[in-house]
Amino acid sequence: MSSDSLPLGPTYLDHAHFHTLATGAADEPSIAALRRSERSWRLIVLRALLDTCGTRTDATGPLAPVTDAWQLLVRAHAAAPDTTEDVLAQPQVGIWAAHTLRRLRDDPHTRTPLWLDVGYLHALAAASAARAGLTFAIDIPARQGSAVLPTVGAASVPPDVAHVRVRARTGQVEMVTDARTVRCAPGDPDWHEPVLVDVDTDGVGLRVELLDRDVYRDLRGPASPEPLSQSEITRWRGWLAHAWELLVREQPDRARAITGIVRTLAPVPRRERFRPLSASGAEAFGGVLLSEPDDGVQLAVTLVHESQHHKLGALSHLLTLCETGDGVRYYAPWRDDPRPLAGVLQGAYAFAGITQFWRVHRQHAAAGERALADFEFALWRRQTLDVLRAMAASGRLTGHGQRFVETLYADLAACQDDPVPPAALGAAHAAAVDHRAMWRGHNIRLAPADRDALAAAWQRRDPAAKAVLVVGARTVLAAPPAGALDARAVLRRHLLVDADAFGRLRATPDRVGDRVAGATPADLALVAGDLDGARAGYLDELGRDPSHVHGWVGLGLTQLDRPTDPAVRALLGAPELVLAVVQGLRSRGSASVAPDPVELASWLGHGLEPLSDTIDPAGWPIA
């Protein structure tokens, strides 16, 4: 491969850095290159924001003009460039800049005054000037009882206060309201220092700030302050220490890459076990929104996951890797909704990192944790390789994108032959087939005319091959309703981790949905190996609601070992056709929707090709 640089306008990325990133890895030079490009992107957005503010008379409200805030920022940079660069590089600054620029350009209807968003620039200038030791005075916004100086701290103020004056002289900083003056220093009860967490293992350290008061900490939009309690901070310190020790001891190169990327964590409340929430965004390099983890291992996985997203997000600011805007959506095994190709690529890159994490960690996992680690490795190895293979064949990657995906696939394929215990391999196979079938039934739709024709063919018992052949192009929902498509996979994780706890779930099957959203008693029986009980349960579900994809797919899973059976071909290979018949019968006013689910599935299955593990590289148009 040539050592020439890839021309990227004012920014260059060496081929060596591109190749390293394409393998799913990263080293200090490649991370440093991404940080440089992200700094350039951030300054471009700030420049655009400033220019747009100049055209809006309502941009700053009661605050000083934007030019005043910018001049203070320039003074701070001249006096202390490193600290000012640190302030501007914070992930929440990227979230704020992108959000505010969208407001300025699109002017969406909102009750929040524009100046409250624009005024974050004043807070950035004040924070930079305070850290630089300058003498100054400037007003900044306050929201819901909190006035924040990013990287410096936050003051609690009366909830009806909309802006405060930040005043600094001879190194002393204070915030002034009509109610009182808050000294920005330890000892003032209304002043709150940043929540910093430092962890170090074998000389490899990570420092992150836990964002709990900054309004721009949440990728999903401005959020109310949610101060962490001392007990919550203590828990986070413990989880981070455990996760970091694990990463450094087992995967030191990956840990060093994370050190160069992750800067802030924005905690949200705990979610259901084995269903953590985490997110990152291209505008917020180094920031992670995440729920309280189940344990340190799960947090380690999240750090790997989101650092992968950050690497690819930064690379995507430099290179176009895939076509966009074609109205086609694809299957992503880690999502319940159809995704654009760029989103699938993001997920594949993240799960390539997760697969490599489990590949290593399962060799170090304690005896009671090994079964789950084997399952996760087998599942995500399979799912990620399938998706990368489909993407490479899609025809919608750019030249850089094709090379990127093929390199990533080749690197991940090296673990294809790693041995996995049969039980974990079987559980991973079942989970993969389950999710894909559930996704199809949940998202794919037939045209109403095709749906009704298929239902009529079933009523006449026409040959299924002829009936299926005339079905036209299928589409997918752009925004499907929420669905817990992974319920059975979550139950499998419960069984792998704690058989006794799973036994307690089985003791009260009617309450399993309270512990695992979307799960049913039939799922418990299936995962426990009681196939007859599961089959009876799914037939009962379908008797009560024949439009419930969960029951149809579950029924197919009770015969997962019979892939050539026509009913299994329909239930696991094309459940959208089964559901289309049900919906078509209803639209035709039939009182008898599916007198025998197995008969219906068998009829359809005779018109289908054998089950295949291949993911469709062409995708589906949006309905």
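Worth saying up front: this structure is predicted, and the values here are computed from it rather than measured.

With that settled, the discussion passes to the overall build of the chain. Secondary structure assignment for the chain yields 25 helices and 18 strands. Its C-alpha atoms give the chain a radius of gyration of 27 Å, near enough to 25 Å, the size a compact globule of 623 residues would have. Taken along its principal axes, the extent of the C-alpha atoms in the chain is 85 × 60 × 55 Å. Residue burial in the chain is summarised as follows: out of 623 residues, 56% are buried.

Turning to the environment of Val215, a few remarks are in order. Note that Val215 resides in the loop between strand 11 (204-210) and helix 8 (230-250). With relative accessibility at 12%, the residue Val215 sits in the buried group. For the pair Val215 and Asp613, spaced 398 residues apart in sequence, the C-alpha separation works out to 45 Å. In contact with Val215, other than residues within four places in its own chain, are Arg143, Gly221, Pro222 and Ala223.

Time to look at the nonpolar core. In terms of nonpolar packing, the biggest core is built from 147 residues, with Leu454 and Leu604 touching the most fellow members. Top element by residues in this core is helix 12 (residues 367-392). It accounts for twelve residues. When sequence neighbours within four positions are dropped, the list of residues in contact with Leu454 reads Leu446, Ala467, Val468, Val471, Leu577, Ala580, Val581, Trp603 and Leu604.

Another point: the confidence of the model for the chain. Counting all residues, the mean pLDDT for the chain is 93, and 97% of those residues have values of 70 or more. Confidence drops under pLDDT 50 across residues 1-9; counting only partners more than four residues distant or on other chains, this segment forms 22 contacts.

So, on to the side chain of Asp188. Take Asp188: it is sitting in the loop between strand 8 (181-183) and strand 9 (191-192). Assessed through its relative accessible area of 8%, Asp188 is described here as buried. Within the structure, the side chain of Asp188 is placed 3.0 Å from the side chain of Arg180, a separation counted as a polar contact. Within the structure, Asp188 has its side chain in polar contact with the backbone nitrogen of Asp190 (distance 2.9 Å).

A few words now on the sheet that holds strand 14 (residues 287-291). The strand order 10-11-12-14-13 describes an open sheet built from five strands, whose pairing is mixed. Looking along the sheet, the strands with just one partner apiece sit at the ends: strand 10 (195-201) and strand 13 (278-279). As paired strands, strand 10 and strand 11 are joined by seven bridges and run antiparallel to one another. Note on strand 11: the bridge partner recorded for Thr201 is Val204. Seen against the sheet, helix 10 (residues 296-316) touches strand 12 (264-268), strand 13 and strand 14 and runs at an angle of roughly 145° to strand 14.

We now examine the sheet that holds strand 6 (residues 163-169). The antiparallel open sheet is built from four strands, whose spatial order is 3-6-7-8. Each of the sheet's edge strands pairs with one partner strand only, and the pair in question is strand 3 (136-141) and strand 8. Across the sheet, the mean angle from the axis of one strand to that of its neighbour is 25°, orientation sign disregarded. Relative to strand 8, strand 7 (residues 172-176) is paired through three bridges, and the arrangement is antiparallel. Paired with Glu174 across the two strands is Arg183, which belongs to strand 8. Taken strand by strand, helix 7 (residues 120-132) contacts strand 3, strand 6 and strand 7, and its axis lies near 145° from that of strand 3.

Per the stated rule, a full pass over the model turns up five cavities of 30 Å³ or more. The computed volume of the largest cavity comes to approximately 150 Å³. What lines the largest cavity is Leu116, Tyr120, Ala123, Pro141, Ala142, Arg143, Ser146, Val148, Arg213, Val215, Tyr216 and Pro225. Listed by contribution, the elements that provide at least two residues to the lining of the largest cavity are helix 7 and strand 4 (146-149). Across the lining of the largest cavity, the residue classes break down as nine nonpolar, one polar and two charged.

Criteria and thresholds
Residues numbered from 1 in each chain as written. Predicted model: local features only at pLDDT ≥ 70, side-chain atom pairs only at ≥ 80, totals over all residues. Heavy atoms only, no water. Helix = DSSP H or I, 4+ residues; strand = E, 2+ residues; numbered from the N terminus. Rg over C-alpha atoms; globule rule 2.2 N^0.38 Å. Buried < 20%, exposed > 50% of the residue type's maximum accessible area, 1.4 Å probe, protein only. Contact = heavy atoms within 4.5 Å. Core = buried A, V, L, I, M, F, W, Y, C linked by side-chain atoms within 4.5 Å. pLDDT = per-residue confidence, 0-100. Polar contact = N/O pair within 3.5 Å; in protein donor to acceptor, adjacent residues only side chain to side chain. Pairing = 2+ DSSP bridges. Axes fitted to C-alpha atoms, helices over the stretch in contact; angles between N-to-C directions. 1 Å grid on protein atoms, 1.4 Å probe; cavity = no way out; pocket = protein on both sides within 12 Å on 5 of 7 lines; lining within 4 Å. Points joined across faces, edges and corners; volume = space filled by probe spheres on them. Nonpolar A, V, L, I, M, F, W, Y, C, P; charged D, E, K, R; others polar.

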